[in-house]
Amino acid sequence: MRYVVTGAAGFIGSHLSEALIARGDEVVGIDSFTDYYDPALKEENARGLDVRRLDLARDELDFSGFDGVFHLAGQPGVRSFGDVFPLYLDRNVRASQRLFEAAARDGVRVVFASSSSIYGEAECYPTPEDTRPSPLSPYGITKLTCEHLARAYERSFGLDVVVLRYFNAFGPRQRPDIAFTRIALALACGGSFTVYGDGEQSRGWTYVSDVVDATILAMQRGSGTYNVGGADEVALR
């Protein structure tokens, strides 16, 4: 099989690309290597992969000849409003809209990586897929917007799409700004780390290989929308 992986130089995208290649699939990666965190880390992630620099929001997209697109690219981070908000609109909403349009035109199946951030402060944990979305961050707001776009293209243009909502993925190559990295560095260096909120929150962590397995299965035989999470809730106290 021949696949496109967007965000292929990122944390989950690089693991997914390697897993697909190990299965014998051909993978063409796409990444814009933005400076949200050190691009050198992404360059290291992409070593040995065929990753092409492309801006999904502006460059021409052609998915003809591919069997599917794994759309993992996006602007991450959950605490950014103010002047940076247009980045979320551009790199999440506009980029995804253009990708969905190109995939529908070329008749290519899409697995779209959304996020548990679309739920905001969920009413129950574990959180089922029919929980009412109530995002509280630009990331969650724009990811939910992308979900609506995916369903609109599905209904109006026949897009074959599966939506996955990732819950707190962790593992090798994770971003330097997320909790696991900051906690590990604090432990290794004898420093401290900041816990946001009131200190009563909890998280259910999902190892990156489980995320990758679920993503590949979704391409093979998924339909609709799935939460991708694992383990028990752990309090951050």
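Being a predicted model, the structure only gives us computed values, none of them experimental.

Counted by the stated rule, this structure contains twelve salt bridges. One salt bridge connects arginine 2 with glutamate 26, and the closest N-O pair in it is separated by 3.1 Å. With arginine 2 in strand 1 (residues 2–6) and glutamate 26 in strand 2 (residues 26–31), this pair connects stretches of sequence that are 24 residues apart. Looking at glutamate 26, the relative accessible area reads 42%, which means it is partly exposed. Between aspartate 50 and arginine 52 there is a salt bridge; the shortest N-O distance is 3.2 Å. Under the relative-accessibility criterion, aspartate 50 is labelled partly exposed at 36%. Arginine 52 sits in the partly exposed class, given a relative accessible area of 45%. Salt bridges sharing partners connect three or more residues here, namely Asp55, Arg58 and Asp90.

What follows is about unusual backbone geometry. Of note, phenylalanine 33 is a non-glycine position whose phi angle comes to about 50°, a positive value. Mapping phenylalanine 33 onto the fold places it in the loop between strand 2 and helix 2 (39–45). By relative accessible area, phenylalanine 33 is classed as buried at 11%. Positive phi outside glycine occurs at arginine 173, with the angle close to 75°.

Okay, the packing of helix 3 (residues 85–106) against helix 4 (residues 138–157) next. Axis separation between helix 3 and helix 4 bottoms out at 9 Å; the angle between their running directions is 20°. Taken together, the axes of helix 3 and helix 4 lie roughly parallel to each other. Here the hand of the crossing between helix 3 and helix 4 comes out right-handed. Of the residues in helix 4, those touching helix 3 at Phe85, Tyr88, Leu89, Asn92, Val93, Ser96, Gln97, Phe100, Glu101 and Ala104 are Pro138, Tyr139, Thr142, Thr145, Cys146, Leu149, Ala150, Tyr153 and Phe157. Classifying every residue of the contact of helix 3 with helix 4 by side-chain character gives 13 nonpolar, five polar and one charged.

Attention now moves to the pairing of strand 2. Two faces make up the sheet, and in a regular strand the side chains alternate between them. Most of strand 2 is tucked away: five of the six residues are buried. Where strand 1 and strand 2 come together, five bridges link them in parallel fashion. Within strand 2, the position partnered with valine 5 by the bridge is glycine 29. In the classification by handedness, the crossover that spans strand 1, the intervening helix 1 (residues 11–22) and the parallel strand 2 is right-handed. Taken together, the three bridges between strand 2 and strand 3 (residues 51–53) define a ladder with parallel strand orientation.

Attention shifts here to the environment of glycine 77. By secondary structure assignment, the location of glycine 77 is in the loop between strand 4 (68–71) and helix 3. Glycine 77 gets classed as buried once you look at its relative accessible area, which sits at 8%. With 62 residues separating them along the chain, glycine 77 and tyrosine 139 place their C-alpha atoms 6.3 Å apart. Apart from residues lying up to four places away in sequence, glycine 77 is in contact with Tyr36, Tyr88, Tyr139 and Arg175.

With that settled, consider the sheet that holds strand 5 (residues 109–115). The seven strands lie next to each other as 3-2-1-4-5-6-10, forming an open sheet whose pairing is parallel. The outermost strands of the open sheet, each flanked by one partner alone, are strand 3 and strand 10 (224–228). For this sheet, the mean angle separating the axes of adjacent strands, direction not counted, is 20°. Where strand 6 (residues 161–166) meets strand 10, five bridges bridge the pair, whose relative direction is parallel. Bridged to tyrosine 166 within strand 10 is valine 228. Relative to strand 5, helix 4 is tilted by about 155°, and along the sheet it contacts strand 5, strand 6 and strand 10.

The rules behind the values
- Residues numbered from 1 in each chain as written.
- Predicted model: local features only at pLDDT ≥ 70, side-chain atom pairs only at ≥ 80, totals over all residues.
- Heavy atoms only, no water.
- Salt bridge = Lys/Arg side-chain N within 4 Å of Asp/Glu carboxyl O.
- Helix = DSSP H or I, 4+ residues; strand = E, 2+ residues; numbered from the N terminus.
- Buried < 20%, exposed > 50% of the residue type's maximum accessible area, 1.4 Å probe, protein only.
- Axes fitted to C-alpha atoms, helices over the stretch in contact; angles between N-to-C directions.
- Parallel < 35°, antiparallel > 145°, perpendicular 65-115°, else oblique.
- Left-handed = near helix turned anticlockwise from the far one by under 90°.
- Contact = heavy atoms within 4.5 Å.
- Nonpolar A, V, L, I, M, F, W, Y, C, P; charged D, E, K, R; others polar.
- Pairing = 2+ DSSP bridges.
- Right-handed = clockwise from strand over helix to strand, strands pointing away.

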